[in-house]
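For reference, the chains in residue letters:
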Amino acid sequence: MTLRELYLSHGGKVADKWALYLDVYERVLAPYRNKPVSMVEVGVQNGGSLEIWARYFPEAAAILGCDIDPKCGELRFSDPRISVVVGPANTEETFREITSRVPSFDIFIDDGSHTSRDIVFSFLNYFPRLSSGGLYVVEDLHCAYMPAFGGGIHRPDTSMAFLKALADFVNRPWWERARDPAAHLDPIFGQGHGVDPASFADVLGVSFYDSMCIIEKRPPAATPGLGPRITVGTEAIVEPRVLPGLQAQ
Ligand SMILES: C[S@@+](CC[C@H](N)C(=O)[O-])C[C@H]1O[C@@H](n2cnc3c(N)ncnc32)[C@H](O)[C@@H]1O
């Protein structure tokens, strides 16, 4: 069954996702489907999404939800792979509790408060714990345009501004050499912010969809950068300088 089919046939605890997300998730999560993945979803609410993830990933090792609402601590799941940590995602205590249960994860979904501040700090806190080759997902980014969530199209410090800056880090080798990577974050965090972007070097790709962003972490053994330029073929009547073996001339 596809994720959409699983989702639409779900009869247990309520899950709440936009239709587009199901299609995007199907595309990006399919390669992980029959692997022993560990995943974390911030934002549990009624617990339905955790149940659906457990069905979508039959070999999953752990499916951990985190929610600030104490009522989520009363949720009971028949699948022993599902557990819930109650607390605000970005406190030391919650971070410790999550990472003591699941030290690293293959998939991380931020469907929590949707405020720009929480989205950015969750990324700074949890992306370093994402496994190589893992996926970091942020949902409901329409909130980045809403003042009530710390958003606004012209604001320099929104979650979307941060994620767009992250896309620049994908192309980090092509910046002016003298450009300080941390200074690229000044508009978001203010001067002298002290945010260390070292882990951003592991961002392989950033994809944007309506309200959703997928950040891929570089797989193990993948070397950063473009790799060698590869030209193939023997006919080049328009631009012969691209013939294999001639580029350096
Ligand atoms: C949109 S709901 C989650 C829906 C669920 N993921 C689903 O797909 O059905 C958002 C949840 O995030 C929780 N939340 C809000 N702020 C949070 C925070 N700082 N840390 C963790 N959870 C938070 C809310 O209590 C709420 O239950």
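Before reading on, note that the structure itself is shown above.
The structure contained in this document is the topic of the report that follows. (Residues numbered from 1 in each chain as written. Predicted model: local features only at pLDDT ≥ 70, side-chain atom pairs only at ≥ 80, totals over all residues. Heavy atoms only, no water.)

**A look at the sheet that holds strand β6 (residues 203–209)**
- The seven strands are arranged β3-β2-β1-β4-β5-β7-β6 in an open sheet whose pairing can be described as mixed. A strand with exactly one partner marks an edge of an open sheet, and here the two such strands are β3 (82–86) and β6. Taking each pair of neighbouring strands and ignoring which way they run, the sheet shows an average axis angle of 15°.
- Of the pairings in the sheet, the one linking strand β2 (residues 62–67) to β3 comprises five bridges and is parallel in character. Counterpart to D67 in the pairing with β3 is V86.
- Helix-sheet contacts for helix α2 (residues 19–29) involve β4 (105–110), β5 (130–138), β6 and β7 (212–217), and the interaxial angle to β7 is about 10°.
- Contacting β4, β5, β6 and β7, helix α5 (residues 116–126) runs over the sheet at an angle of about 175° to β5. (Pairing = 2+ DSSP bridges. Helix = DSSP H or I, 4+ residues; strand = E, 2+ residues; numbered from the N terminus. Axes fitted to C-alpha atoms, helices over the stretch in contact; angles between N-to-C directions. Contact = heavy atoms within 4.5 Å.)

**Some remarks on the pattern of salt bridges**
- Enumeration over the complete set of coordinates arrives at ten salt bridges.
- Where K17 meets E41, a salt bridge forms, and the shortest distance between an N and an O atom there is 2.6 Å. Remark: E41 occurs in strand β1 (residues 38–42) and K17 occurs in the loop between α1 (3–8) and α2; sequence separation between them is 24 residues. E41 carries the same exposure label as K17, and that label is buried.
- Close ionic contact of E139 with K17 constitutes a salt bridge, the shortest N to O distance being 3.0 Å. (Salt bridge = Lys/Arg side-chain N within 4 Å of Asp/Glu carboxyl O. Buried < 20%, exposed > 50% of the residue type's maximum accessible area, 1.4 Å probe, protein only.)

**Re the state of the cysteines**
- One pass over the structure, following the stated rule, counts zero disulfides.
- C66 takes part in no disulfide bond, and the closest cysteine sulfur to it belongs to C72, at a distance of 9.1 Å.
- What makes C72 buried here is its relative accessible area of 2%. (Disulfide = S-S within 2.5 Å.)

**Points about the site of the ligand**
- In the region of the ligand, 21 residues are neighbours, and D16, K17, G43, D67 and D111 sit closest.
- In the environment of the ligand, an oxygen atom lies 3.4 Å from a nitrogen or oxygen atom belonging to the backbone of Q45.
- Relative to its free-state accessible area of 600 Å², the ligand is covered by the protein chains to the extent of 86%.
- Counting residues per element, the ones that place at least two in the shell around the ligand are β1 and β2.
- Residue classes in the shell around the ligand are distributed as seven nonpolar, seven polar and seven charged. (Near = heavy atom within 4 Å. Polar contact = N/O pair within 3.5 Å; in protein donor to acceptor, adjacent residues only side chain to side chain. Areas by Shrake-Rupley, 256 points an atom, 1.4 Å probe, with all protein chains shown as cover. Nonpolar A, V, L, I, M, F, W, Y, C, P; charged D, E, K, R; others polar.)

Purely geometric stuff here, so don't read any function into it on its own.
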